[in-house]
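Descriptive structure summary
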Amino acid sequence: MKKTVSILVLVLGLIVASCGDGNHKREGKPKVLVFSKTVGWEHKSIPAGIAAIQKLGGEQGFEVDATKDSELFNEENLKQYSAVIFLSTTLNVLDAKQEAAFERYIQAGGGYVGIHAAADTEYDWGWYTKLVGAQFRSHPKGTPEADFIVTDKNFGATEFFTDSVWHRSDEIYNYNKLNPDVHVVMTVDESTYEGGTNGDYHPFAWYHEFDGGRAFYTGAGHTDETFSEDLFLKHLLGGINYAIGKNEVLDYSKATTQIPPDVDRFTKKQLSVGEFFEPTEMAVLPNNDVLIAQRRGQIALYNDATQELKEIASLDVYFKTLNTLGVNAEEGLMGLQKDPDFATNNWIYLYYSPTGDKWVNRLSRFQYKDGVFDLASEQVILDVDSQREICCHTGGSIAFGPDKLLYLSTGDNSTPFNEKGVKYVSNGFAPLNDIPGHEQYDVRRASGNTNDLRGKIIRLKINEDGSYDIPAGNLFAEGTEKTRPEIYTMGHRNPYRISVDQKTSALYWGEVGPDAREDKLDTRGPRGYDEMNRATEAGNFGWPLFIADNKPYVDYDYETGESGITFDPQKPINDSKNNTGLRELPPAKGAYIYYPYVDSKEFPEVGSGGRNAMAGPTYYSDLYPNGGGLPDYFDGKTIIYDWMRGWMKAVTFFDDGTFNKMEPFASDIKVNSLIDMEMGPNGRVYLLEYGSGWFTQNENSGLSYIEYNGGNRPPVIDDMIVDHTSGKLPLTVNAKVDARDREDDAISYVWNLGDGETKETTEPQISHTFATAGEYRISVEVKDAKGDVAMSDVISVVAGNSRPEVAITLNDGTAIFEKGVPVKYEVKATDADGDVIDPENIFVSVDYLESFDEQNMSLGHQQVSAAVMGKALTQGMDCKTCHKEASPSIGPNYKAVADKYKNDKKAKSYLQKKIVAGGGGVWGEVVMPAHPNITQDETRQVVEYIMSLADTAEKLKSLPASGSIVPKPTKDDKVMVITASYTDKGQEGTIPLTGMKTVVLKEKGADKTE
């Protein structure tokens, strides 16, 4: 019996072994996938390449699939292939999930072949660069003839060569970032053609084992003719056979890369909106309260328990120039951070600009306990000299490392703009003007000065009494002549937000870069770049002599306009007359990410447009209770963000600290000028948004945190449509919702019809008839089988009143305009209910634009007549019983309200809330009724009307209902837009309604497709 059992166990073991991934050969022929998606240059030889590989497969016994569809890069599809061939792909061809799936494929034992432009692919994916073996740098024109040298004949892609020299023509790439671990089997002799830049050793074809798989690359394959070249086809076949290997089943148990979480699992949990006035930096306290610094000196507290925001302290700070007009000073309260031991010592650190005659920015700490911020407890730690009455660049971010060392960033305190009234200026390049009296235009006096604390990241060990010591490993040892020992890193322009890895002490910062729009490498230097930087040791990061990956500037004489030497990053020299530090600086270090205003080939993920690089935290789930607020996929990844572009990215580094890749982080979340990102004690990622306007209070400023849902997700509502939103009684409407469940659960629909009635359906539509006049707000709740719910937007339906119709007639019947040539028009309004048209309620406006977006224009011009609509609403609601426009009533008249609040920036928001909530005591004892059912848009329109009555208010005047307009476009305007609206007076029991019409005229001669 024991013998029988043993045999059964052995047989079962063999069966399991034969079925397990990676332990046996695949059944049938090997299969390869040829992938040829291009985002940049598309090689005309791709079809010939596909045909050639298919022919090879037919002859040599492997199957070939070909695609440009990156959606096929998923685990289920890729596992069927023994090798994947990137055939002259270009730029970013895979998204983050597809990249992860391909990494897992290679780690499971898959094979890769790269042909020609495969090296011109995925520049910001370091893993891929190592896999393919190099990055394309450049190539000489055409397809020169050259000698290709076979360096290893003991490999399948070269073993058939009878000569060590293969003389042929091709497009020959020069390479960057050659992987030293590849085995090179062929080089190209640069002496046999012109245009090579790799020197005496110019690899051209190679192979290697990488991350569990096999990879082969050849630089050949540019032309159609290549793919009919017998030697090349043998060369390619040898590489394909190497990538196929033993044609084994892939073993995904060896894959280590995780698939990124779905972006729709992230939401923004809003804590405060529209209540900040230039927030700068925050600190999340151990009890989840949040302290927020505001540039003009105020410190706000968000109380997590009460969910209230209030001001708890106000410093007297220098935040605007006192004697210099037209300059936006950026000083004030710039940084705030809690002590690592705040729970026991209650210290809060601030970096601010004290008022007075002493021009410094000051690092101090204060006691904050039991809701009281004690300004009298200040301990001054460090003063940083600053030149005031100028703009710009303050830095000001404070962070602590896991060793409790304090890091403080400071800006270069220099003017980046062109100096007025002089002949030779910076033009957006590095300001290097050391002519006496022009100090603010010389950054070498600050960032490049080893004896100055500006343009630096300072590192200090704070003692118990508030003094500080210099930690070991700073850039200059104490006592070194012409240096400041506080400096950890130098060569910064504006390191505005910094962070420190709480496990490794790696320092991260975003560097806000200069504005030059194009390279002038021979005379001035490179165009402007923003940077993302990382330091694991002290160093010089280049500014103002270098930028990006150590692209050098050119010395420039501001007296003669002559260009001098190009600076050397290995031996930077600061010979400015304003330099009080060392002349020879430490060698410069480059950024790990850098990007200009335009699209970046090296880092396409960052997009284009305005730039403002910021560094966020590095996440580790094991630092927080219950694993923190993000999935462990983000362990070890550093979050970066851009204030201007509105994106957040997660960056992965290799074990040696070099850049691997970046990917979108919570990309479904919209942020409004994100100025700070901080980890809370429970592992939540907190967001502080400055808002979209500069130097002002913004309605879209805010405090929030990111919430991650790793379980069942509620349904998604893509759209809801109601076929009639107004009309005579009885009014029948048909509503339809477009909804889906992300887990494919069955969903049901609960309709709120606005008249107190709800109906549940299993179908996504409903029909309903309103018999009584009124405004009804229709919405639907979509429920999945697990009980999670999504709510639709509310659509307002007015029964008993028809929306008026507006028509605009152009007398000549054309949709063309010409500057200075009158355009005749006529506006007419009609009302289906038969009401007499009131000409006072017709509003006509004209606008000029560079181009026309119908959706955005309709949204924008609805606000043109907001005051007209608001006036009509006050007459149609119960407002008229308590308020008049200018005459007395039991409540204040609207003009008095407008005059009272005309200079209050918060007035509109306050009045909107007052209309909804009602109340009394401001104007008298009579309590004004609440309007809980009024929409936010309706309150906005009412407030626009009220505030338009103030004497100082900007009056929006309507054009006549008919007449002519003499077009007055600016230089870039190609579109003229005439918009007309009419607001009726409403019917019994209903609100007024507005009809609108827009006519678009294009400039004579403008592109008709624009």
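What counts as what
- Residues numbered from 1 in each chain as written.
- Predicted model: local features only at pLDDT ≥ 70, side-chain atom pairs only at ≥ 80, totals over all residues.
- Heavy atoms only, no water.
- Core = buried A, V, L, I, M, F, W, Y, C linked by side-chain atoms within 4.5 Å.
- Buried < 20%, exposed > 50% of the residue type's maximum accessible area, 1.4 Å probe, protein only.
- Helix = DSSP H or I, 4+ residues; strand = E, 2+ residues; numbered from the N terminus.
- Contact = heavy atoms within 4.5 Å.
- Pairing = 2+ DSSP bridges.
- Axes fitted to C-alpha atoms, helices over the stretch in contact; angles between N-to-C directions.
- pLDDT = per-residue confidence, 0-100.
- 1 Å grid on protein atoms, 1.4 Å probe; cavity = no way out; pocket = protein on both sides within 12 Å on 5 of 7 lines; lining within 4 Å.
- Points joined across faces, edges and corners; volume = space filled by probe spheres on them.
- Nonpolar A, V, L, I, M, F, W, Y, C, P; charged D, E, K, R; others polar.
- Salt bridge = Lys/Arg side-chain N within 4 Å of Asp/Glu carboxyl O.
- Arc of directions from axis to C-beta.
- Disulfide = S-S within 2.5 Å.
- Parallel < 35°, antiparallel > 145°, perpendicular 65-115°, else oblique.
- Left-handed = near helix turned anticlockwise from the far one by under 90°.
- Phe/Tyr/Trp six-rings, centres within 6.5 Å; stacked < 30°, edge-to-face > 60°.
- Lys NZ or Arg CZ within 6 Å of the ring centre and 35° of its normal.
- Lys, Arg positive; Asp, Glu negative; His and termini not counted.
- Polar contact = N/O pair within 3.5 Å; in protein donor to acceptor, adjacent residues only side chain to side chain.
- Expected span 1.5 Å × (residues − 1).

Some details on the nonpolar core
Proteins that are soluble and globular tend to have nonpolar side chains buried together. In this structure, L363, L507, Y592 and I593 are the most contacted members of the largest nonpolar core, which totals 69 residues. Of all the elements, strand β23 (residues 456-462) adds the most residues to this core, at 4 residues. When neighbours within four sequence positions are excluded, L363 is seen to be in contact with L350, Y351, Q379, V380, I381, L382, I398, L406, L408 and L460. I50, F155, V188 and Y193 belong to the second-largest nonpolar core, a separate cluster that totals 40 residues.

As for the sheet that holds strand β38 (residues 659-664)
Read across the open sheet, the 4 strands follow the order β35-β36-β37-β38; overall the sheet is antiparallel. The open sheet has two free edges, formed respectively by β35 (613-618) and β38, since each of these has just one partner strand. Strand-to-strand twist of the sheet, defined as the mean angle between neighbouring strand axes without regard to direction, takes the value 30 degrees. For β35 and strand β36 (residues 638-642), the ladder comprises 4 bridges, and the chain directions are antiparallel. Across the sheet, residue T618 finds its bridge partner in β36, namely T638.

Section: the confidence of the model for the protein
Model confidence for the protein is summarised by a mean pLDDT of 91, while 90% of its residues fall at 70 or above. In this model residues 1-20 is a low-confidence stretch, pLDDT under 50, and it forms 3 contacts with partners more than four residues away in sequence or in other chains. Throughout residues 854-865 the model reports pLDDT below 50, and contacts reaching past four residues in sequence, or to other chains, amount to 15 contacts.

Section: the sheet that holds strand β41 (residues 702-708)
The strands that make up a sheet are held in pairs by hydrogen bonds between backbone atoms, and each pair lies either parallel or antiparallel. An order of β12-β41-β40-β39 is seen for the 4 strands of this open sheet, with the pairing classed as antiparallel. Sheet topology places β12 (266-273) and β39 (674-679) at the edges, where each strand pairs with a single neighbour. Averaged over all adjacent pairs, the angle separating strand axes in this sheet is 25 degrees, with direction ignored.

Topic: empty space enclosed by the protein
Within this structure, the stated rule accounts for 3 cavities of 30 Å³ or more. Size it by volume and the largest cavity reaches roughly 70 Å³. Looking at side-chain class alone, the lining of the largest cavity contains 2 nonpolar, 7 polar and 3 charged residues. Roughly 50 Å³ of internal volume is contained in the second largest cavity. G491, R493, E511, V512, G513, P514, E531, F541, W543, F546 and I547 together form the lining of the second largest cavity.

Section: the pattern of salt bridges
Under the criterion given, the structure shown has 43 salt bridges. Residue K55 is joined to E59 by a salt bridge in which the shortest nitrogen-to-oxygen separation is 2.5 Å. Taken together, the residues span about one helical turn, with K55 and E59 both in helix α2 (residues 46-60) at a distance of 4 residues. Between D264 and R713 there is a salt bridge whose closest N-O contact spans 2.7 Å. Within this pair, whereas D264 is found in the loop between α6 (230-244) and β12, its partner R713 is found in the loop between β41 and β42 (716-722), the two being separated by 449 residues in sequence.

Things to note about the pairing of strand β53 (residues 823-830)
The alternating pattern of β53 places V823, Y825, V827 and A829 on a buried face and K824, E826, K828 and T830 on a face that is not buried. Here strand β51 (residues 805-810) pairs with β53 via 6 bridges, running antiparallel. Each residue of the ladder has a partner; that of T809, found in β53, is E826. Strand direction decides the pairing type here: β53 and strand β55 (residues 962-965), joined by 4 bridges, are antiparallel. Counted as the bridge partner of Y825 is G963 from β55.

Let's talk about helix α10 (residues 894-901)
Considered for burial, the residues of α10 that qualify are Y894, V897, A898 and Y901. For α10, the buried positions fall inside an angular range of 100 degrees around the axis, keeping them on one side.

As for the state of the cysteines
All chains considered together, the criterion is met by 1 disulfide. With its sulfur 1.5 Å from that of its partner, C391 forms a disulfide with C392. As the torsion about the S-S bond is roughly 85 degrees, the C391-C392 disulfide counts as right-handed. Each of the two residues, C391 as well as C392, counts as buried.

Looking at the packing of α2 against α6
Axis separation between α2 and α6 bottoms out at 11 Å; the angle between their running directions is 70 degrees. With respect to α6, the element α2 is oriented roughly perpendicular. Our pair here, α2 against α6, has a crossing hand that is right-handed. Here A52, I53, L56 and Q60 of α2 come into contact with α6, specifically with L233, L236, L237 and I240. Residues that form the contact of α2 with α6 fall into these classes: 7 nonpolar, 1 polar and no charged.

As for the packing of aromatic side chains
Centre-to-centre distance and the angle between the planes together describe a pair of aromatic rings. Within the structure shown, the criterion is met by 56 aromatic pairs. Between the aromatic rings of Y175 and Y217, the centroid separation amounts to 6.0 Å while the plane-to-plane angle is 85 degrees, which identifies the pairing as edge-to-face. With Y175 in strand β8 (residues 174-176) and Y217 in strand β11 (residues 213-218), this pair connects stretches of sequence that are 42 residues apart. Through a chain of ring-to-ring contacts, three or more aromatic side chains come together here, namely F35, F73, F86, F102, Y105, Y112, W125, W127, Y128 and F210. The residue whose ring lies beneath R534 is F653, and the NZ or CZ to ring-centre distance is 4.9 Å. Cation over ring: K637 sits above Y633, and NZ or CZ is 4.7 Å from the ring centre.

Re the environment of A785
Position of A785 relative to the elements: it lies in the loop between β48 (774-784) and β49 (789-791). Taking C-alpha positions, A785 is 10.0 Å from E743, a pair spaced 42 residues apart along the chain. Sequence-distant contacts of A785, that is, excluding residues within four places in its chain, are made with D745 and A746.

Quick word on the side chain of D973
As for its position among the elements, D973 is in the loop between β55 and β56 (975-983). For the buried residue D973, which engages in no salt bridge, the nearest side chain bearing the opposite charge is K974, 7.7 Å off. Polar contacts involving the side chain of D973 include one to the side chain of T970, which spans 2.7 Å. Apart from the residues lying within four places of it in its own chain, the contact partners of D973 are Y848, L849, E850 and E1003.

Some words on α2
Each α-helix turn comprises 3.6 residues. Residues three or four places apart therefore point the same way. Here α2 spans 21 Å end to end across 15 residues, near enough to the 21 Å set by a 1.5 Å rise per residue. Its buried side turned inward, α2 meets β1 (31-35), β2 (63-67), β3 (83-87), β4 (111-115) and α6. Looking one or two residues past α2, G61 carries a phi angle of roughly 90 degrees, positive in sign.

Brief notes about the environment of D224
Residue position: D224 is located in the loop between β11 and α6. Residue D224 is classed as partly exposed on the basis of its relative accessible area, which comes to 41%. Taking the C-alpha atoms as reference points, D224 and K44, separated by 180 residues in sequence, lie 7.4 Å from one another. Setting aside residues up to four positions removed in sequence, D224 forms contacts with K44, S45 and A48.

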